[in-house]
Amino acid sequence: MIDKGMTVSRWGHWREINRQLWRLGLVGVATLTLMRGLLLWMNAPTPLTAPTSDLLQAFWIGLRFDAKIMAVLLGPWLLVATLLLVLPQPVIAVWRRLWLPWALVCMVLVNLLSLVNHFFFSFYQGPINSLIFGLFEDDTQAVIDTVWSDYPLLALLVALAGMTGAQLAWMRRGGRRKSRRDSRRRSGHLGWPRASVLVAVSLVALIGLGRGSLGTFPLREMNMAVSANAFVNDLVPSGPQALYLAWKERELNNIGDNPRAGLEHYGFSSPVEAARALGWTEVESADEVLERMTLTTPRRLAAEAAPPHVVVSLMESWGRRPLDFDDPESNDLLGRLRPWLEGKADYFPHALSAENGTHPSLEGLLLDTPISPLTQSRYGYRSFSTSAALPYRRAGYRTVFLTAGSVQWRDLDDALRRQGFDEVLGSSAIRERFPEATGGTWGLDDEWMFRTGAELLREADARGEKVMLVMLSITNHPPYHVPDHYTPAPLDVMQLGDSLAVSPEFGTSILETYQYANDAMGGFLNRLESQGLLGHTLFAATGDHNSRSIIQYPDAHDLFDQFGVPILVWLPPRYRESGTAQRDVWASHRDIFPTLWAHSLSKAEIPWEGRDLYASAEQPMALSFNRQDGGAGLMVSEQGAATNLAQPTFYAWQDGRELAATEAPSDALREHARQARAELALKDWRIRRQALGEAGDGG
């Protein structure tokens, strides 16, 4: 930054670091603000109903957070430079030479996270969250292949280099000229009074920006809630801030050493207090709460006489929203699944996924855990009493998990065996049966998984075995492709109209895999029917999360679409008994296994979870572990909705279809939110205490 032979005072070195630091901080804040504007321009819903004042507030609070980030990244460098002033001149000269590499690292980080946040926002309809850590927990090579296929990485690298180079050039602009002036000065020319004032003002300003406030309280996450509009709130955190919040969210999911941490987070001092919020007035101790969290299925004579097979299919990206645009003539999204969704089976359209990612939803479905990843944590070696497989294993079933992908993905093989699955089968096992099986980046095409599943049931039937089979599909996942031998039924992506969030070509490829996966599942049901297996097989299917990319879900009024997934259930008449499908009520993943347990197991011990979708319930609600408005927990019912159940944001229905934030929720909605919060707290407590070794006092 200076010529080696140049004599520069310690103050000269310090002043140059100070000058460049403030210039770099300013350009960093400007960059983050411009990226926020780009998010608004490219992702804003049409129409954006939020008032202009809310947008201005989002940009103002966002700018303050941006300044805080830059101060935290750069401020310590100036503080150290100040402390080095008492040492010989060469020491601070070396520190100044190290400044450029540090500035380079900081701006590469800020720019990279800004670009990542931009594409993450487009894909997940929100800023970076804990799902980003899936890069290291998923099949990392497959993730990289997907990103390489779907995103312009080379162009992004060029943009990253260009942004960083321009920022550093602006930072150093005029630096050589000023260095020459400083070289003609001696430290005495600056004067200690002026030097002291300059140091004090710079450090106080950096500390103030680092706090985000000069008042009593620093700038905090709660300040990000600037609007009743979820999209506007999502504009506030920049890429670096969003990653920091995601890391904090991740840390919250760490078990720690306090089984009551979740209870306390949701506002309860004990499990008894949470139980009382649910109306369990008879419980007096934690142990009694635990007893209340274990249930028994009704007496089922049909299940006793002929135990049925049970099949659950978790379908990749099977969101509910695309089904609104299904047309059997011109935009066929169902294929052979159509007759099953339109009456042969029971379709529950008002359902929410457990989480917003494949693995979190899988754990939510199979373990009823609001803490994820659980099986990949250091507590994954434990067996949890909430496992959906255990009631079947105790009843003598052979429990099988089958995926079209690799069983090494997320260590499924070992993890699920610890949770009550006798066999965990993946693409290798499928290829042993079908060497001609086709596939892609993440594994084999869905049809081969379904063909293998049908074979497993047929063989078990021949041996007189009863099987509980869980399947996980993968085809409807980027990079989107269908096998060469598959001819899609007619599709017209333009029927999505203004809801289409991508190019027609890309949208068509997504609809093709969506249709293909549904068609393959329909073929599976047809095969079981033709083989005479459906008369004694219970079947349920749902999506792991919504359909990505093709549709935007930018606002709170779309909560039921943003986290909506279909639930499709087939109950043979003899096992249904007097049950009637409650198709129009709100439901979630946590209701699937309670429904299957209730109609396939007689007088069996099961964990307290959801409810039987074929039994009437008073004021039913859908409860999800999904995160929205800054926290975990999402509840939707006929009364309205609540998000971030620890500090609820309430939404009321308008015209029976859209949700709007309200600061005056009805008493019924408040009560639903209180019950949902208590239920989520107890589920958290149950998992934590088991992970920590089941404390003798019940946690």
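Everything numeric in this text was worked out from a predicted model, so none of it was measured. (Residues numbered from 1 in each chain as written. Predicted model: local features only at pLDDT ≥ 70, side-chain atom pairs only at ≥ 80, totals over all residues. Heavy atoms only, no water.)

**Q** Honestly, helix α2 (residues 52-83) in this entry has me stumped. Any pointers?
**A** Owing to its 3.6 residues per turn, the α-helix aligns residues three or four sequence positions apart on the same side. Between the first and last C-alpha of α2 there are 46 Å, a value that for 32 residues agrees with the 46 Å anticipated at 1.5 Å per step. Taken as a whole, α2 carries its principal kink of about 35 degrees at L74; the proline P76 stands between one and four residues after it. (Helix = DSSP H or I, 4+ residues; strand = E, 2+ residues; numbered from the N terminus. Expected span 1.5 Å × (residues − 1). Bend = angle between axes of the 7 residues up to and from the residue.)

**Q** Sorry, what's going on with the pattern of salt bridges here?
**A** Side chains that differ in sign of charge can pair as their charged atoms come close. One pass over the structure, following the stated rule, counts 30 salt bridges. A salt bridge links D324 to R320, with the shortest nitrogen-to-oxygen separation between them at 3.0 Å. A salt bridge links D368 to R686; the shortest N-O distance between them is 2.9 Å. Within this pair, whereas D368 is found in the loop between α17 (358-367) and α18 (390-394), its partner R686 is found in helix α26 (residues 667-691), the two being separated by 318 residues in sequence. Across this residue pair, the class does not change: D368 and R686 are buried. Taken together, the salt bridges that share partners define one network made up of R320, R321, D324 and D561. (Salt bridge = Lys/Arg side-chain N within 4 Å of Asp/Glu carboxyl O. Buried < 20%, exposed > 50% of the residue type's maximum accessible area, 1.4 Å probe, protein only.)

**Q** Where do I start with the side chain of N117 in this structure?
**A** When you line up the elements, N117 lands in helix α3 (residues 89-124). For N117, the contacting residues outside a window of four places in its chain are L39, P127, I128, P237, S238, G239 and A242. (Contact = heavy atoms within 4.5 Å.)

**Q** Help me understand the sheet that holds strand β10 (residues 537-543) in this model?
**A** Taking strand neighbours across the sheet as the criterion, the seven strands line up as β3-β11-β10-β2-β9-β5-β6 in an open arrangement whose pairing is mixed. Bordering the open sheet on either side are β3 (346-348) and β6 (423-425), each of which pairs with just one other strand. Pairwise comparison of adjacent strand axes, ignoring direction, gives a mean angle of 15 degrees for this sheet. Sheet strands touched by α17: β2 (309-315), β5 (398-403) and β9 (467-472). Its angle to β2, the strand with the most contacts, is close to 155 degrees. Here helix α25 (residues 592-600) sits on the sheet and contacts β2, β9, β10 and β11 (567-570); the angle it forms with β10, its principal contact strand, is near 175 degrees. (Pairing = 2+ DSSP bridges. Axes fitted to C-alpha atoms, helices over the stretch in contact; angles between N-to-C directions.)

**Q** Just to check I follow, could you spell out the packing of aromatic side chains for this structure?
**A** Geometrically, a pair of aromatic rings is defined through the distance of the ring centres and the angle of the planes. One pass over the full model with this rule turns up 17 aromatic pairs. Here the aromatic residues W77, W95, W99 and W102 are joined through ring pairs into a cluster of three or more. Lying over the aromatic face of W170, R23 brings its terminal NZ or CZ to 4.0 Å of the ring centre. A cation sits over an aromatic face here: K344 above W340, 3.9 Å from the ring centre. (Phe/Tyr/Trp six-rings, centres within 6.5 Å; stacked < 30°, edge-to-face > 60°. Lys NZ or Arg CZ within 6 Å of the ring centre and 35° of its normal.)

**Q** What is the right way to read the side chain of D234 from this model?
**A** By the element assignment, D234 lies in helix α10 (residues 230-235). Put simply, D234 is tucked away with no salt bridge, and the nearest opposite charge, on R36, sits 11 Å away. (Lys, Arg positive; Asp, Glu negative; His and termini not counted.)

**Q** Looking at this structure, how should I read the confidence of the model for the protein?
**A** When pLDDT drops low, the exact placement of atoms in the prediction is not to be read closely. For the protein, per-residue confidence averages 86 on the pLDDT scale, and 89% of positions sit at 70 or higher. The low-confidence segment residues 1-8 (pLDDT under 50) makes 17 contacts with residues lying over four places distant or belonging to another chain. Contacts for the low-pLDDT stretch residues 183-188, under 50 throughout, to residues beyond four places or in other chains number five contacts. (pLDDT = per-residue confidence, 0-100.)

**Q** What am I meant to see in the nonpolar core here?
**A** Across soluble globular proteins, you tend to see nonpolar side chains buried next to one another. Core analysis: the largest hydrophobic core is formed by 102 residues, its most contacted members being L366, F401, F524 and F593. The biggest single contributor to this core is helix α22 (residues 504-530), with nine residues. For F401, the residues in contact, after removing those within four places along its chain, are L362, L366, L412, L416, F421, E423, V424, L425, V470 and L472. Residues A354, A632, A678 and L680 belong to the second largest nonpolar core, which totals 32 residues. (Core = buried A, V, L, I, M, F, W, Y, C linked by side-chain atoms within 4.5 Å.)

**Q** Quick question: what am I supposed to make of α25 here?
**A** Taking burial as the measure, the nine residues of α25 include nine buried ones, the bulk of the element. Within α25 the residues assigned to the buried category are I592, F593, P594, T595, L596, W597, A598, H599 and S600.

**Q** Would you take a moment to explain the environment of V199 for this structure?
**A** Note that V199 resides in helix α9 (residues 192-211). Distance from V199 to T82, taken between C-alpha atoms, is 7.6 Å for residues 117 residues apart in sequence. With near-sequence residues (within four places) excluded, V199 lies in contact with W11, W14 and T82.

**Q** Sorry if this is basic, but what is going on with the packing of helix α21 (residues 446-463) against α22 here?
**A** Relative orientation and spacing of two packed helices are given, respectively, by the angle between their axes and the distance between those axes. At a minimum axis distance of 9 Å, the contact between α21 and α22 shows a crossing angle of 20 degrees. With respect to α22, the axis of α21 lies roughly parallel. α21 and α22 meet at a crossing whose hand is right-handed. Between α21 and α22, the residues in contact are D446, E447, F450, R451, G453, A454 and L457 and Y516, A517, A520, M521, F524, R527 and L528, respectively. For the contact of α21 with α22, the class distribution of residues is nine nonpolar, one polar and four charged. (Parallel < 35°, antiparallel > 145°, perpendicular 65-115°, else oblique. Left-handed = near helix turned anticlockwise from the far one by under 90°. Nonpolar A, V, L, I, M, F, W, Y, C, P; charged D, E, K, R; others polar.)

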